[in-house]
Amino acid sequence: MSNEKSSRAIWSGVIRRYAAHLPVDAATSIVTLHEGNTPLVRAPRLAAAIGGKFDLHLKCEGLNPTGSFKDRGMTLAVTKARERGAKVLVCASTGNTSASAAAYAARAGLRCVVLIPEGKIALGKLAQALMCGAMTLQVRGNFDTALALVRQLGETGEVEIVNSINPVRIEGQKTAAFEICDALGDAPDYHFLPVGNAGNITAYWKGYSEYHAAGECDTLPRMMGFQAAGAAPIVDGAPVAHPETVAAAIRIGNPASWQSANAAIAASSGHIGKVTDAAILEAYKLAAATEGIFVEPASAVALAGVIQCQRAGLIDDGTIVVVTLTGHGLKDPDTAVQHAAVQPVTVEPDLAAVKAAMGI
Ligand code: F0G
């Protein structure tokens, strides 16, 4: 292969692929870990298991470099921050944003400080921030408290905020909608995703709308957002002072992009609903057991939403349904081991014992 051909064949991240739709130009020095280009996997066994007669596709965002969708926005946020001469990146996080910020800051040679709710982020995410050398401040409070502190830090003018209140993050994240349209040849009929701080539903709707306006897709999906019942401010119509859910990534009581989430749902004739922790854990186990796709609990919120809508007869037969699985299951091994249907069986080191345990 010639150099030209081989470089065309190599995926080098969402900014290069979708530069025409992003605030970059040929002079931009890109900070990338080659995020994006994640698999859109058809899931017939899962659809059948929930009694769905629709075409179910899973956008596996856990396959991004740091294991979540955050990398799409972080590549652009860190690229722009470095371009502006920022020296310190800060974010509040339930874990994934901090993992992504820490990684991209390391890649860019910038300092990173993350504010996380003490004791409430999954082990894998904490490990990622620490390994990438981010100063990790465990705040005695929840995500909303940490984000309020980050906003105040931003006002000092000494740091660059890389939460999704930075509009550049939304720009990067919208590329997931582009990829889905490119893979399906058009937008899906329904797009399900979990909603926490509400940046991602905002980003997807922006992506679909822009692709539609550019003539890259003919249709638009209904945006179907789901929150955890213990942290459902948008559904309930009021901030939640003490959000609680097994889906720790979306343990958020006062989402920053609340208004734009509502706007996306209204403009797309979509829906916002809530699911219980029991329903989240059911969906969490079902995805892994039926399709081998292991996600973190927050991602299962979207699947629990599909199950709820299917049972309520809200999804038409023969339609195309896409679910964003936002983060990888390995992020949160504790929840997995605690709730898995199967547990390890200890055996003596001999064939008879192994056969007896297997029942053969
Ligand atoms: N799924 C996962 C795995 C997440 O980490 C998040 C948000 C969401 C869904 C919700 O996305 O906030 O755009 O509505 N995590 C943020 C964080 C809050 O700090 O990692 P959203």
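Participant: Is there a simple way to explain the overall build of the protein chain in this structure?
Facilitator: Looking only at helices and strands, the protein chain features 16 helices and ten strands. Scaling as 2.2 N^0.38, a compact globule of 360 residues should have a C-alpha radius of gyration of about 21 Å, and the protein chain matches this with 20 Å. A principal-axis box enclosing the C-alpha atoms of the protein chain has dimensions of 65 × 55 × 45 Å. Taking all 360 residues of the protein chain together, 54% fall into the buried category. Carbon together with sulfur atoms contributes 54% to the accessible area of the protein chain, which is approximately 15300 Å² in total. Both charge centroids of the protein chain, one from 30 positive and one from 32 negative side chains, sit 3 Å from each other.

Participant: Help me understand the packing of aromatic side chains, please; the structure alone is not making it clear to me.
Facilitator: The relative placement of two aromatic rings is captured by the distance of their centres and the angle of their planes. Counting across every chain of the model gives five aromatic pairs. Seen in terms of ring centroids, tyrosine 204 and tyrosine 208 are 6.3 Å apart; in terms of plane orientation they differ by 35°. Their pairing is tilted. Pair noted here: tyrosine 204 and tyrosine 208 are both in helix α10 (residues 199-213), with a separation of four residues, about one helical turn. Overall, tyrosine 204 belongs to the buried group, its relative accessible area being 1%.

Participant: Hey, could you run me through the site of the ligand in this one?
Facilitator: By nearness alone, 20 residues border the ligand, and Ser93, Asn197, Ala198, Asn200 and Thr326 come closest of all. For the ligand, an oxygen atom lies 2.8 Å from a polar atom in the backbone of threonine 94. Backbone polar atom of asparagine 200 to an oxygen atom of the ligand: 2.8 Å apart, as the coordinates give it. Relative to its free-state accessible area of 470 Å², the ligand is covered by the protein chains to the extent of 98%.

Participant: What should I look at first to understand the nonpolar core in this one?
Facilitator: Counting residues in hydrophobic clusters, the biggest one holds 52 residues, and the most contacted among them are Val78, Ile201, Tyr204 and Tyr208. Among the elements of the structure, α2 (14-17), α4 (70-83), β3 (88-92), α5 (96-108), β4 (111-117), α9 (175-184), α10 and α12 (258-267) are those that each provide at least two residues to this core. Looking at which element gives the most residues to this core, the answer is α5, with six residues. Ignoring any residue separated from it by four or fewer positions in sequence, one finds isoleucine 201 in contact with Leu193, Val195, Met223, Gly225, Ala261, Ala264 and Ile265. Counting 39 residues, the second-largest nonpolar core is a separate cluster that includes Tyr190, Ile293, Val295 and Ala336.

Participant: How should I be thinking about unusual backbone geometry in this particular structure?
Facilitator: Most of the time, phi is negative for any residue but glycine, and the peptide bond is trans. Phi angles above zero are rare outside glycine, and histidine 34 is one such case at about 65°. Among the secondary structure elements, histidine 34 is positioned in the loop between α2 and β1 (40-42). With phi around 55°, asparagine 37 is a residue other than glycine that occupies positive phi space. Mapped onto the elements, asparagine 37 comes out in the loop between α2 and β1.

Participant: Help me understand the sheet that holds strand β7 (residues 190-194), please; the structure alone is not making it clear to me.
Facilitator: By definition, the strands of a sheet pair up through backbone hydrogen bonds, in either a parallel or an antiparallel sense. Taken in spatial order, the six strands make up an open sheet running β1-β2-β10-β7-β8-β9, and their pairing is mixed. For this open sheet the edge positions go to β1 and β9 (271-275), each flanked by a neighbour on one side alone. This sheet shows a mean twist of 25° between the axes of neighbouring strands, independent of strand direction. Examined bridge by bridge, β7 and strand β8 (residues 222-228) share five bridges and lie parallel to one another. Bridge pairing links tyrosine 190 to arginine 222 in β8.

Participant: Got a minute to help me understand the side chain of arginine 72 in this structure?
Facilitator: Structurally, arginine 72 can be placed in helix α4. Its relative accessible area of 1% is what places arginine 72 among the buried residues. Within the structure, arginine 72 has its side chain in polar contact with the side chain of threonine 38 (distance 3.2 Å). Within polar-contact distance, the side chain of arginine 72 engages the side chain of glutamate 61 at 2.6 Å.

Participant: Which parts of the structure should I look at to understand helix α14 (residues 297-311)?
Facilitator: Because an α-helix completes one turn every 3.6 residues, residues spaced three or four positions apart along the sequence face the same direction. Compared with the 21 Å implied by 1.5 Å per residue over 15 residues, the 21 Å span of α14 between its first and last C-alpha is a close match. For α14, a buried count of 13 out of 15 residues is recorded, marking the element as mostly surrounded by other parts of the structure. Where α14 ends, the next residue or the one after it, glycine 313, has phi of about 70°, a positive value.

Participant: Just to check I follow, could you spell out the pairing of strand β10 (residues 320-325) for this structure?
Facilitator: Every other side chain in a regular strand lies on the same face of the sheet, so the side chains alternate between the two faces. The element β10 is largely enclosed, with a buried count of five among its six residues. Sheet analysis places strand β2 (residues 55-60) next to β10, joined by six bridges and oriented parallel. Within β10, the position partnered with aspartate 55 by the bridge is isoleucine 320. Two strands pair when backbone bridges link them, and β7 and β10 are joined in this way by three bridges, in the parallel orientation. From the neighbouring strand, histidine 191 faces β10, where its bridge partner is valine 322.

What counts and how
Residues numbered from 1 in each chain as written. Predicted model: local features only at pLDDT ≥ 70, side-chain atom pairs only at ≥ 80, totals over all residues. Heavy atoms only, no water. Helix = DSSP H or I, 4+ residues; strand = E, 2+ residues; numbered from the N terminus. Rg over C-alpha atoms; globule rule 2.2 N^0.38 Å. Buried < 20%, exposed > 50% of the residue type's maximum accessible area, 1.4 Å probe, protein only. Areas by Shrake-Rupley, 256 points an atom, 1.4 Å probe, with all protein chains shown as cover. Lys, Arg positive; Asp, Glu negative; His and termini not counted. Charge placed at Lys NZ, Arg CZ, Asp CG, Glu CD. Phe/Tyr/Trp six-rings, centres within 6.5 Å; stacked < 30°, edge-to-face > 60°. Near = heavy atom within 4 Å. Polar contact = N/O pair within 3.5 Å; in protein donor to acceptor, adjacent residues only side chain to side chain. Core = buried A, V, L, I, M, F, W, Y, C linked by side-chain atoms within 4.5 Å. Contact = heavy atoms within 4.5 Å. Pairing = 2+ DSSP bridges. Axes fitted to C-alpha atoms, helices over the stretch in contact; angles between N-to-C directions. Expected span 1.5 Å × (residues − 1).

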